[in-house]
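One letter stands for each residue in the lines below.
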Amino acid sequence: MTIFALSSGKGRAGVSVIRISGPETFSAILTLTKNAKKPDPRCAVLSWFYDPLTNEKLDQGLVIFFPGPNSFTGEDVAEFHIHGGYAVVAGFLEALSKLPNLRSAEAGEFTRRAFDNGKMDLTSAEGLADLINAETAGQKRQALRQMDGDLGELYEGWRHEIISAMAYLEADIDFSDEEIPDDVTARIKPIVEKLHNEIAAHLADGHRGERLRHGLQVVILGAPNAGKSTLLNYLSKRDVAIVSEIAGTTRDLLEVHLDLSGFPVTIVDTAGLRKSDDIIESEGIRRAERRAEDADLKLVIVDGSEKAPLNDQMSGHIDANTMVLFNKSDLSLDENGDHPVPKSIGTWHISAKTEQGLDEFLTALEAQVEMRMEISEAPSLTRTRHRANLLSCQDHMTRFLSADHFELELLSEDLRMAARDLGKITGFVDVEDILEKIF
Ligand code: GDP
């Protein structure tokens, strides 16, 4: 079946691109152009397009023919660049649907065909989906790398090493219940050990790839009226939180998504932390504390004009991922002085109202965000499914390494399962359910 779809965004535009892929591509071009032009491969040809049944003019535009297998999907593909008006696009799509053996594509179907035809592995397909969804420069960089095959090549490299070790194991022994000679295990174990260590290092990346995909979670914590909402408004440059003088207005969690120097950040404003008898407020406080536990970064904000701004309830939340802000520096008299807070990233004296000290704090915040998400030399895993399969792969390797038996079948099965886990990531095995979820 030949499939077609509007590949550019929906809505009025100067130009829209409609793409088709499949065996009927060439004949569709001939029918729509009334054989006027036989396009050379990969050359843009200007032509009128006609409805195949009514002969009515659809539009004038460009057609580019990409004969398989050198195309995105590996099949014959064509792109029609037409004017992006609603009626033009709708008329063109309708004309395509009138052709025999053509139907409109399902979501992700072009990529699915590219995958089926060996044009890309599963991690590249995920990279492509991430690229289309990327909202910040950092996300775009990571997605481009993954689409280009960096991650897939890493996993395939590991998989092949395991397969070679396995082949080696099986080649040396041609009868399975014989004990494996010591020198064989002595030669294979270091290979598996090395791979195990490499995967461990890859996994211990502080979730930076996953964070970059989803955004870093930054939670603002503080007592009521400390200035949390005012700070959030400053950070988001729009009035998203209600700034009020009545304590306890932010009862639920309020999220703002920001682009901080190219990295996606979700900032969460929480209910003010204090002892409360109000059921709704207590629930808000409970949620704030739960959210703080999962946060990548915490901003603890206190009213620096108070005598003892950091109470025990606040201090309990301070750790190595916490920036402590002494707010209302416009009101505080210098006698309060600096309050070094051990365990924290550092302290900043700011005024959320007059914006004094906020530039400095923002620079520090950006540095913290970058540090947690900057993409490294080696490609990072970006999805929970990568992590789950790698952990399972490691388990099989650990079993292999710690085996006190020397039964070939069991040892070789451990390696086979480890290789299979890597194959699941790149899509060599069990691909069905994953592909559907990507797009
Ligand atoms: P929240 O309850 O922690 O969200 O606090 P808000 O942001 O709603 O602020 C509580 C009150 O403190 C409001 O009246 C703000 O205008 C005021 N406020 C916030 N930051 C500052 C500051 O830096 N200086 C002064 N003087 N007032 C501030």
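An account of the accompanying structure is given in this report. (Residues numbered from 1 in each chain as written. Predicted model: local features only at pLDDT ≥ 70, side-chain atom pairs only at ≥ 80, totals over all residues. Heavy atoms only, no water.)

Remarks on the sheet that holds strand β4 (residues 57-66)
Inference 1: In space, the six strands of this open sheet follow the order β3-β4-β5-β2-β1-β6, with mixed pairing throughout. Of all the strands in the sheet, the pair left with one neighbour each is β3 (45-50) and β6 (102-104). Averaged over all adjacent pairs, the angle separating strand axes in this sheet is 30 degrees, with direction ignored.
Inference 2: With eight bridges joining them, strand β2 (residues 13-21) and strand β5 (residues 77-84) adopt antiparallel strand pairing. Each residue of the ladder has a partner; that of S16, found in β5, is I82. (Pairing = 2+ DSSP bridges. Helix = DSSP H or I, 4+ residues; strand = E, 2+ residues; numbered from the N terminus. Axes fitted to C-alpha atoms, helices over the stretch in contact; angles between N-to-C directions.)

Quick word on the sheet that holds strand β8 (residues 254-260)
Inference 1: Spatially, β8-β9-β7-β10-β11-β12 is the arrangement adopted by the six strands of the open sheet, whose pairing is mixed. The open sheet is flanked by β8 and β12 (346-349), the only strands paired with a single partner. Shown here is a sheet whose adjacent strand axes are inclined to one another by a mean of 25 degrees, direction ignored.
Inference 2: Judged from the six bridges that link them, strand β10 (residues 297-303) and strand β11 (residues 322-327) form a sheet pairing that is parallel. Bridge assignment links L299 to a residue of β11, and that residue is M323.

Observations regarding the pairing of β8
Inference 1: Pairing geometry for β8 and strand β9 (residues 263-269), over seven bridges, is antiparallel. Each residue of the ladder has a partner; that of D259, found in β9, is P264.
Inference 2: Hairpin geometry of β8 and β9 is characterised by an intervening segment of two residues between the two adjacent antiparallel strands and by a positive phi of about 40 degrees at S261.

Thoughts on the site of the ligand
Inference 1: Around the ligand lies a shell of 18 residues, among which N225, K228, S229, T230 and D330 are the nearest.
Inference 2: Between the ligand and A352, the relevant distance is 2.9 Å, taken from an oxygen atom to a main-chain nitrogen or oxygen of the residue.
Inference 3: Contact distances for the ligand include 3.2 Å between an oxygen atom and a backbone N or O atom of K353.
Inference 4: Protein chains bury 90% of the 580 Å² of accessible surface belonging to the ligand in isolation. (Near = heavy atom within 4 Å. Polar contact = N/O pair within 3.5 Å; in protein donor to acceptor, adjacent residues only side chain to side chain. Areas by Shrake-Rupley, 256 points an atom, 1.4 Å probe, with all protein chains shown as cover.)

Some words on the pattern of salt bridges
Inference 1: Counted by the stated rule, this structure contains 24 salt bridges.
Inference 2: R385 is the partner of E126 in a salt bridge, and the nearest nitrogen-oxygen pair spans 2.6 Å. Here E126 is found in helix α4 (residues 122-133), whereas its partner R385 is found in helix α13 (residues 384-402), with 259 residues between them in sequence.
Inference 3: A relative accessible area of 17% places R385 in the buried class.
Inference 4: Between E198 and K194 there is a salt bridge, with its nearest N and O atoms 3.1 Å apart. Taken together, the residues span about one helical turn, with E198 and K194 both in helix α7 (residues 182-203) at a distance of four residues.
Inference 5: Accessibility expressed as a relative area gives 30% for E198, which makes it partly exposed.
Inference 6: Shared partners join several salt bridges into a network, and the residues in it are E126, D130, R213, R383 and R385. (Salt bridge = Lys/Arg side-chain N within 4 Å of Asp/Glu carboxyl O. Buried < 20%, exposed > 50% of the residue type's maximum accessible area, 1.4 Å probe, protein only.)

Remarks on the packing of α4 against helix α5 (residues 137-147)
How two helices sit against one another is set out by the angle between their axes and by the gap between those axes.
Inference 1: Remark: α4 packs on α5, axes separated minimally by 7 Å, with the N-to-C direction vectors making an angle of 150 degrees. When the axes of α4 and α5 are compared, the pair comes out roughly antiparallel. When the axes of α4 and α5 are compared, the crossing they make is left-handed. The residues of α5 that touch α4, namely those facing T123, S124, E126, G127, L128, D130 and L131, are K140, A143, L144, Q146 and M147.
Inference 2: Its residues placed into classes, the contact of α4 with α5 shows five nonpolar, four polar and three charged. (Parallel < 35°, antiparallel > 145°, perpendicular 65-115°, else oblique. Left-handed = near helix turned anticlockwise from the far one by under 90°. Contact = heavy atoms within 4.5 Å. Nonpolar A, V, L, I, M, F, W, Y, C, P; charged D, E, K, R; others polar.)

Some remarks on helix α12 (residues 358-373)
Inference 1: With 16 residues, α12 extends 22 Å from end C-alpha to end C-alpha; this agrees with the ideal 22 Å at 1.5 Å per step.
Inference 2: Listed in full, the buried residues belonging to α12 are L358, F361, L362, A364, L365, Q368, V369, R372 and M373. Buried residues in α12, looked at end-on, bunch into an arc of 165 degrees, giving them a common side. Looking at α12, the residues exposed on the side facing more than 90 degrees away from the buried face are D359, E360, T363 and M371. (Expected span 1.5 Å × (residues − 1). Arc of directions from axis to C-beta.)

Considering the nonpolar core
Inference 1: Counting 29 residues, the largest nonpolar core has L231, L235, L299, F361, L365 and V369 as its most contacted members.
Inference 2: Elements represented by at least two residues in this core include exactly β7 (216-222), α9 (228-236), β8, β9, β10, β11 and α12.
Inference 3: Counting residues per element, this core draws most heavily on α12, which supplies seven residues.
Inference 4: Setting aside residues no more than four positions away along its own chain, L235 makes contact with L258, I267, L299, L362 and L365. (Core = buried A, V, L, I, M, F, W, Y, C linked by side-chain atoms within 4.5 Å.)

What about the pairing of strand β1 (residues 2-6)?
Inference 1: With four of five residues buried, β1 lies mostly within the body of the structure.
Inference 2: For β1 and β6, the ladder comprises three bridges, and the chain directions are parallel. Each residue of the ladder has a partner; that of F4, found in β6, is S104.
Inference 3: Two elements, β1 and β2, share four bridges in a ladder whose sense is antiparallel. Each residue of the ladder has a partner; that of L6, found in β2, is I18.
Inference 4: Taking the residues that link successive antiparallel strands as the turn, the β1-β2 hairpin has six residues, and the phi of G11 there is positive, at about 115 degrees.

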